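Below, each chain spelled out in residue letters.
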Amino acid sequence: MWDSVGLRVVLWVVGRQIPIVRSTKEVHERTGIDHFMIDSMYDVDTVDGSLEHAREILRLVAKG
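Note that this is a predicted model, so its numbers are computed, not measured.

Cut-offs and rules
Counting starts from 1 at the beginning of each chain's written sequence and moves along it residue by residue. For a predicted model such as this one, the threshold for reporting local features is a pLDDT of at least 70, and the threshold for listing and counting side-chain atom pairs is 80 or more; totals across whole chains, interfaces and linings nevertheless cover every residue. Water and hydrogen atoms were dropped before computing side-chain values, which therefore reflect all heavy atoms in the structure. Going along the chain from the N terminus, every DSSP run of H or I of four or more residues is numbered as a helix, and every run of E of two or more is numbered as a strand. With a 1.4 Å probe rolled over the protein chains alone, any residue whose accessible area is under 20% of its type maximum counts as buried; one over 50% counts as exposed, and the rest are partly exposed. Contact criterion: two residues are considered in contact whenever any of their non-hydrogen atoms come within 4.5 Å of each other. The salt bridge definition used is simple: a Lys or Arg side-chain nitrogen within 4 Å of an Asp or Glu carboxyl oxygen. By the criterion applied in these results, polar contacts are pairs of N or O atoms within 3.5 Å in which, for protein atoms, one can donate a hydrogen and the other can accept it, and in which residues neighboring in sequence qualify only through two side-chain atoms. pLDDT is a residue-level measure of predictor confidence that goes from 0 to 100. Helix span, expected: 1.5 Å multiplied by one less than the number of residues in the helix. To be clear, the arc concerns the directions from the helix axis to the C-beta atoms.

### With respect to the overall build of the protein chain
Working step 1: Along the backbone of the protein chain there are 2 helices and 2 strands.
Working step 2: In sequence order, the protein chain lays out its α and β elements as β-α-β-α.
Working step 3: Relative to its 64 residues, the protein chain shows a buried fraction of 22%.
Working step 4: Intrachain contacts of the protein chain at a sequence separation of at least 6 include 71% that bridge at least 24 residues.

### As for the pattern of salt bridges
Working step 1: The final tally for this structure, using the stated rule, is 3 salt bridges.
Working step 2: Between Glu52 and Arg55 there is a salt bridge, with the nearest N and O atoms lying 3.1 Å from each other. Taken together, the residues span about one helical turn, with Glu52 and Arg55 both in helix H2 (residues 47-63) at a distance of 3 residues.
Working step 3: The salt bridge partner of Arg59 is Glu56, with a shortest N-O separation of 2.8 Å. Here Arg59 and its partner Glu56 are both found in helix H2, 3 residues apart, which amounts to about one turn of the helix.

### Quick look at the side chain of Thr24
Working step 1: Structurally, Thr24 is set in helix H1 (residues 17-31).
Working step 2: At 3.0 Å, the side chain of Thr24 forms a polar contact with the backbone oxygen of Val21.

### Notes on the environment of Gly64
Working step 1: Along the polypeptide, Gly64 turns up in the segment after H2.
Working step 2: Taking C-alpha positions, Gly64 is 8.8 Å from Lys25, a pair spaced 39 residues apart along the chain.

### Observations regarding the confidence of the model for the protein chain
Working step 1: Within the protein chain, residue pLDDT values average 77, and 75% of them lie at 70 or more.
Working step 2: Here strand E1 (residues 6-10) is the element of the protein chain with the lowest mean pLDDT, 69, and H2 is the one with the highest, 85.

### Side note on H2
Working step 1: An ideal rise of 1.5 Å per residue puts 24 Å on 17 residues; H2 measures up with 24 Å between its terminal C-alpha atoms.
Working step 2: Listing the buried residues of H2 in full gives Gly49, His53, Ile57 and Leu60. Down the axis of H2, the buried side of the element spans an arc of 70 degrees, and every buried residue falls inside it. Facing away from the buried side of H2 by more than 90 degrees, the exposed set consists of Val47, Asp48, Arg55, Leu58 and Ala62.

Listed below in structure tokens is the structure:
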């Protein structure tokens, strides 16, 4: 069927990075999905804000 499956995660609540990281980790562990797009469109309103958001998400993911 598919070689890869991804999941789009849309942030609706500002400042919820830690629960999002925990949730995506749990989804990965339960389903095997290993490609996630964390969409910050509703969480930030500038390019700089999106980049900072991405840095924070990646830092939390690397931290475990």
